[in-house]
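Architecture at a glance
Spelled out, the chains give:
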4 protein chains.
Amino acid sequence: MGILRLSHAEVRVPDLELAHAYYAEVVGLVETAREPDRVFMKGWDEHQHHSLILTAAPTYGLETLGFKVDSLASLDQLEAAIADDGIHSDRFEPGDLGPGSGKVVRFTAPSNHTIDLVYGMEQVGNGLPLLNPPIAPPDLVGMHPPRIDHIFLMCEDVDGICEFFRKVLGFRLTEQIMANDGHQLAVFLERSHSSHDIAFITGPNGAFHHVAFYVDDWNDLRAGADTCAYHGVRVDAGPTRHGATRGCGLYFFDPAGNRNELFTGGYWFDPDDEPTTWTEAEMGRAIFFYQGQVNAAFMTVHS
Amino acid sequence: MGILRLSHAEVRVPDLELAHAYYAEVVGLVETAREPDRVFMKGWDEHQHHSLILTAAPTYGLETLGFKVDSLASLDQLEAAIADDGIHSDRFEPGDLGPGSGKVVRFTAPSNHTIDLVYGMEQVGNGLPLLNPPIAPPDLVGMHPPRIDHIFLMCEDVDGICEFFRKVLGFRLTEQIMANDGHQLAVFLERSHSSHDIAFITGPNGAFHHVAFYVDDWNDLRAGADTCAYHGVRVDAGPTRHGATRGCGLYFFDPAGNRNELFTGGYWFDPDDEPTTWTEAEMGRAIFFYQGQVNAAFMTVHS
Amino acid sequence: MGILRLSHAEVRVPDLELAHAYYAEVVGLVETAREPDRVFMKGWDEHQHHSLILTAAPTYGLETLGFKVDSLASLDQLEAAIADDGIHSDRFEPGDLGPGSGKVVRFTAPSNHTIDLVYGMEQVGNGLPLLNPPIAPPDLVGMHPPRIDHIFLMCEDVDGICEFFRKVLGFRLTEQIMANDGHQLAVFLERSHSSHDIAFITGPNGAFHHVAFYVDDWNDLRAGADTCAYHGVRVDAGPTRHGATRGCGLYFFDPAGNRNELFTGGYWFDPDDEPTTWTEAEMGRAIFFYQGQVNAAFMTVHS
Amino acid sequence: MGILRLSHAEVRVPDLELAHAYYAEVVGLVETAREPDRVFMKGWDEHQHHSLILTAAPTYGLETLGFKVDSLASLDQLEAAIADDGIHSDRFEPGDLGPGSGKVVRFTAPSNHTIDLVYGMEQVGNGLPLLNPPIAPPDLVGMHPPRIDHIFLMCEDVDGICEFFRKVLGFRLTEQIMANDGHQLAVFLERSHSSHDIAFITGPNGAFHHVAFYVDDWNDLRAGADTCAYHGVRVDAGPTRHGATRGCGLYFFDPAGNRNELFTGGYWFDPDDEPTTWTEAEMGRAIFFYQGQVNAAFMTVHS
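Conventions we followed
Residues numbered from 1 in each chain as written. Chains lettered and ligands numbered in written order. Predicted model: local features only at pLDDT ≥ 70, side-chain atom pairs only at ≥ 80, totals over all residues. Heavy atoms only, no water. Pairing = 2+ DSSP bridges. Helix = DSSP H or I, 4+ residues; strand = E, 2+ residues; numbered from the N terminus. Axes fitted to C-alpha atoms, helices over the stretch in contact; angles between N-to-C directions. Contact = heavy atoms within 4.5 Å. Expected span 1.5 Å × (residues − 1). Buried < 20%, exposed > 50% of the residue type's maximum accessible area, 1.4 Å probe, protein only. Polar contact = N/O pair within 3.5 Å; in protein donor to acceptor, adjacent residues only side chain to side chain. Buried area = accessible area lost by both parts, 1.4 Å probe. Salt bridge = Lys/Arg side-chain N within 4 Å of Asp/Glu carboxyl O. Patch = residues over 30% accessible without salt bridge, like charges linked within 9 Å, V, L, I, M, F, W, Y side chains within 5 Å. Areas by Shrake-Rupley, 256 points an atom, 1.4 Å probe, with all protein chains shown as cover. Lys, Arg positive; Asp, Glu negative; His and termini not counted. Charge placed at Lys NZ, Arg CZ, Asp CG, Glu CD. Least-squares fit on C-alpha atoms with pLDDT ≥ 70 in both. Domains from an automatic or database assignment. Nonpolar A, V, L, I, M, F, W, Y, C, P; charged D, E, K, R; others polar.

**Quick word on the sheet that holds strand β9 (residues 147-155) of chain B**
Residues and elements named next belong to chain B. The sheet built from nine strands is open, its strands ordered β14-β15-β16-β13-β9-β12-β11-β10-β17 with mixed pairing. Strands at the two margins of the open sheet, each flanked by one partner only, are β14 (235-241) and β17 (276-279). Strand-to-strand twist across the sheet, computed as the mean angle between neighbouring axes with direction ignored, equals 15°. Bridging between β14 and strand β15 (residues 248-253) involves four bridges; their strand directions are antiparallel. Looking at the pairing, threonine 240 lines up with glycine 249 of β15. Together, β14, β15 and β16 (259-264) form the strand contacts of helix α4 (residues 218-231), whose direction differs from that of β15 by roughly 15°.

Quick look at the structure:
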């Protein structure tokens, strides 16, 4: 079967205490482990050990991203497929990469992003009892998204990375923005039958655009924006709708400069559904459906 | 008692057919009367004859605005108060100003806006039966706001117009944005115990910023923005929240260039409540609470 | 002008500590004063001293209800009108009736409910600064409705109490449920241009059906029901819509047995709008629009 | 990989014209094919040929249900697994079972429900262009859910059917209601990583409880209930929340007596997440979280 969904992101933050406070109090993630240079966190409704790792580093950006794999057999197959594609990978056993980590195949994608394929990350539960549970824990704060949703990256050769994700990793293309010259400006790819688990847009190799957390509905985006305003967190864009994915989102920045999104909506995607294409002329609507144009920061502000 | 609420706005449109189609199909107002040079419309849940008049004119802008007065005695008192303030007014009988029009006192405010005080505009009902009605008529289209909410104008002397509205017309100040030099940059005034029935911001005398229609909730703002996008109507800003009034809104333009707003929220205001003040430094948050700054068009694009 | 809106309700509770904890933690009202036998509370966005008084008493029910009057002149006029109708009233000065109380005219309505007409209750502010405020205080808990909305009472002679409220107190009829024999089964009356500030339904004189607090939207009703479920508070009905008023509500009980409602929606009502009538056959839809029938408890469980 | 999700339901209706009108106008499904005795319909955002078949029959109930299978290899494996379990199945080629039908393995489950495993049903698109699409088609009517969500059936041996679905069909258990004597009263099972694709509750073998269509949010449930009320469709329960699945739903009946649900919410379920258990004493909250008890019709009204 293979990759199940986006598992986690590891982001760099120069001031670990400040970033920790932000992700705990403003975003409302739950801390599950703490090391001198790393904090492990998750959305409250996630059962696995972490979906976000904050790593002390001189500057901001993405250290690694991880995909959850459904079985050990799938992990082995993916390891082989990566090797067949001529890419070196490393294998890690549970605990090698820190608290909760499972069996991991780590490699660098052609887009120059470090990717972990994970099987068997420790399960820690979602904070609710398994017997007669309430709807949610009573002590949630901030935006408290239930879970991670997708990640959005940049690279020079979008056509190439799209091909790599489809052929080697088994992703399906849901939407694409095509340049007038026929190459792909942006691609949206999924494994979880959602509108996207990962997307790439033209930019520097290795660059990080945003990581998105899921919320239940449009009202949560307003509540999230109110939370940003209360804490003096700068809103980059939204609440708004995306043409591509039909989802709605709110963009804002962590104290280090990493862009976050609260995302809701999108659609179910069957493997035999056809991808949707946006022309270069309509790229503005594809990204910001209401404004019809991409704001200045969207393409220029990233890690 | 006096003025009850905002009654209607009359806006200029160079292409009456196009504007009519826009307000009927996109905004979803209901037509109640048609003349060669004017169309009379209303929100579906309004009982009075009209809350918007489209008037053929060489350019866009506001022709008149009207306030609903609760009784003939109040109309007489307001007429006298205006005269006491040294302002000329004209009196019109029902029908004089067009279909449905009631008894009207018309005058020009110090801000150079023509204002009608109306008593007894014809009641036409809200399209629902008075016996065992459904929740709404079945044939609503577009955004279909139930009713007009407020109007936002510009003038040079905001302190002066605020004083005039309070002393002569009996309005109450709910919020104000104060310049560093101590004068009012913007004022929000009410008669209906809402956050505002009318607001003024510093700008050219006689200028028109926007007319707002009420919708029930935040979801309706997204639906409104989807409607804009579907019809190719340019969204100016939002869906977003205002710091001043705490309401949420969506700005967009009619084909003539008149700015419209869909608005929801705000609060109940008692006559003995204290007004809220925003400093000039926080004006951005007062207008666009999430972005924290006024977009370029907000202050420069108006009639 | 006269009565402005519903001001407050005073309800009886046998266990003051328990009721206090419920209204503070579950409903999320704010305490403003405490006496040995009374607790004074308000919705967070109310500026006046209190909208709910809990009074220790052997059983549950309504002690008094209050309407806010706009001026001392109106209070005097209403006092005279009540006397003209042959009803005795008492006058109280600020503080006479407890902390924050203003000038009060107290009388017993023909329905056998004690009514306070209040002018000048102490203003305490809504907990937000008057300069550059946030959207809401950060420490709200439970359902935290911003304000009281309406009260729903019972009496034997609905026609009579409707006439009294219209003629003596200046209320306007918005909706009525008519029995087949031509008398009124229920009436909805307003002074605040809303769908209702008070309603009466056929039942024992002096009986109390529910007091309603306003919330912003339909999502808040679900959140309120989640809060009930979390705290083990029994939901009586809803979230649902009412045919009469078109508003949406959630009914539940305080620990003493007094019914509460979270209410949202309704409409603006002009003084010259026509009332809506529901037939006896459609009474089920008038009360519970979706179910089409009144649940057993609605007519039989009250104080 | 195996079964991907619920594909479709075929329900019996004595009056095909009436049922067709109801599902088209009230539910707002899209017709894709018509035969003398059958109508094929789908949610607007579904790409496959149909998710609901109406079949003329003397009484109401479920004729078949279908699951979408991801590949021909999976279909073959599932066919073998069913045979290994001692159950006879029949194989059909595309078109054999009507317009749009794919390769089908049909068998009767131990619960006495006829199940189709489908690979390759015709794809017809979701009515939006594949190039620069709008958010939704402009001509949707009624509730217009985007897609089918889950099906809820009854059988005598819930433990047995749960075992069959897990072992033979590869489903995962997300929630269960346990009787005091240790057997399962109800089970919720998934293949799509949602809270449930199918559920069984104790009752007669072969009985049909409801089929659910997905909507985006809680506001859509209110709109759905308004639609029911407008068309005189009886609401069975809701809008409300379920304790089990945490989702929210609205139950109502088609003209034949088949129960429908509009459903939203739920959660993402990983294969290594633990199932949640409800005790018999808490069954009321598991089904109707707010009311805390199952309404009389829920267990007794079914096909």
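**Let's talk about helix α4 (residues 218-231) of chain C**
Residues and elements named next belong to chain C. Taking 1.5 Å of rise per residue, the 14 residues of α4 would be expected to cover 20 Å, and the 20 Å separating its terminal C-alpha atoms lies within 8% of that figure. Extensive coverage of α4 is indicated by the burial of 10 of its 14 residues. For α4, the N-terminal cap is aspartate 217; the gap from its side-chain oxygen to the backbone nitrogen of asparagine 219 is 3.0 Å. Just downstream of α4, glycine 232 is the residue with a positive phi angle, here 70°.

**Observations regarding the environment of glutamate 93 of chain A**
Residue and element names in this part refer to chain A. Along the chain, glutamate 93 turns up in the loop between β6 (89-92) and β7 (103-108). Glutamate 93 gets classed as partly exposed once you look at its relative accessible area, which sits at 35%. Those residues in contact with glutamate 93 that sit more than four places away from it in its chain are Ser101, Gly102 and Lys103.

**With respect to the interface of chain C and chain A**
Taken together, the contact pairs nine residues of chain C with nine residues of chain A. A buried area of about 610 Å², summed over both sides, lies between chain C and chain A, and 55% of it is on carbon and sulfur atoms. On inspection of chain C and its partner chain A, the count reaches two salt bridges. Aspartate 217 of chain C is the salt-bridge partner of arginine 222 of chain A, the closest N and O atoms lying 3.5 Å from each other. The interface formed by chain C and chain A includes four residue pairs in polar contact (both at pLDDT 80 or more).

**Brief notes about the pairing of strand β10 (residues 172-178) of chain A**
Residues and elements named next belong to chain A. The element β10 is largely enclosed, with a buried count of six among its seven residues. Where β10 and strand β11 (residues 184-190) come together, six bridges link them in antiparallel fashion. Looking across to β11, one finds that glutamine 176 is bridged to valine 187. Relative to strand β17 (residues 276-279), β10 runs parallel, the two sharing four bridges. Along β17, the bridge assignment pairs isoleucine 177 with tryptophan 278.

**Here we look at a negative patch on the surface**
Taken together, the side chains of Glu156, Asp157, Asp159, Asp181 and Glu280 of chain A define an acidic patch exposed on the protein surface. On the accessibility criterion, aspartate 159 of chain A (30% relative accessible area) is partly exposed.

**As for the relation of the copies chain D and chain A**
Expressed as a screw transformation, the operator carrying chain D onto chain A has a rotation angle of 180° and an axial translation of 0.0 Å, and the superposed copies differ by an RMSD of 0.0 Å. Both copies are brought into coincidence by an operation consistent with a two-fold rotation axis. Residue methionine 1 of chain D, judged by its C-alpha, is the member of chain D lying nearest the rotation axis, at 2.7 Å. In this assembly the copies share their binding face: 100% of the residues contributing to the interface of chain D also contribute to that of chain A.

**A look at the domain arrangement of chain A**
All names here are of chain A. In terms of domain boundaries, chain A breaks down into domain 1 (3-119) and domain 2 (147-299). In this structure, domain 1 and domain 2 have C-alpha centres spaced 20 Å apart. Opposite the 40 residues of domain 1 that make contact, domain 2 presents 36 residues. Summed over both sides, the interface of domain 1 with domain 2 buries roughly 2,800 Å², with 75% coming from carbon and sulfur. Of all residues in domain 1, the largest losses of buried area upon contact with domain 2 belong to Ile3, Leu6 and Tyr22, amounting jointly to 20% of the total for that side. Inspection of the domain 1/domain 2 interface yields zero salt bridges. In this assembly, domain 1 and domain 2 are joined by 10 residue pairs in polar contact (both at pLDDT 80 or more). Elements that contribute at least two residues to the side of domain 1 that touches domain 2 include exactly β1 (3-13), α1 (16-26), β5 (61-69) and α2 (72-84). Element by element, the count of residues in the side of domain 1 that touches domain 2 is highest for β1, at 10 residues. Among the residues making up the side of domain 1 that touches domain 2, the classes are represented as 27 nonpolar, eight polar and five charged.

**Some details on the interface of chain D and chain A**
The interface of chain D with chain A comprises 38 residues on the first partner and 38 residues on the second. Ranking the residues of chain D by area buried against chain A places Ile135, Arg246 and Trp268 of chain D at the top, with a combined share of 20%. Viewed at the interface, chain A and chain D are joined by eight salt bridges. Among the salt bridges present, the one from aspartate 270 of chain A reaches arginine 5 of chain D, with a minimum N-O distance of 2.7 Å. Counting every contact that joins chain D to chain A gives 16 residue pairs in polar contact (both at pLDDT 80 or more). The set of elements that each furnish at least two residues to the side of chain D that touches chain A consists of β1 (3-13) and β17 (276-279) of chain D.

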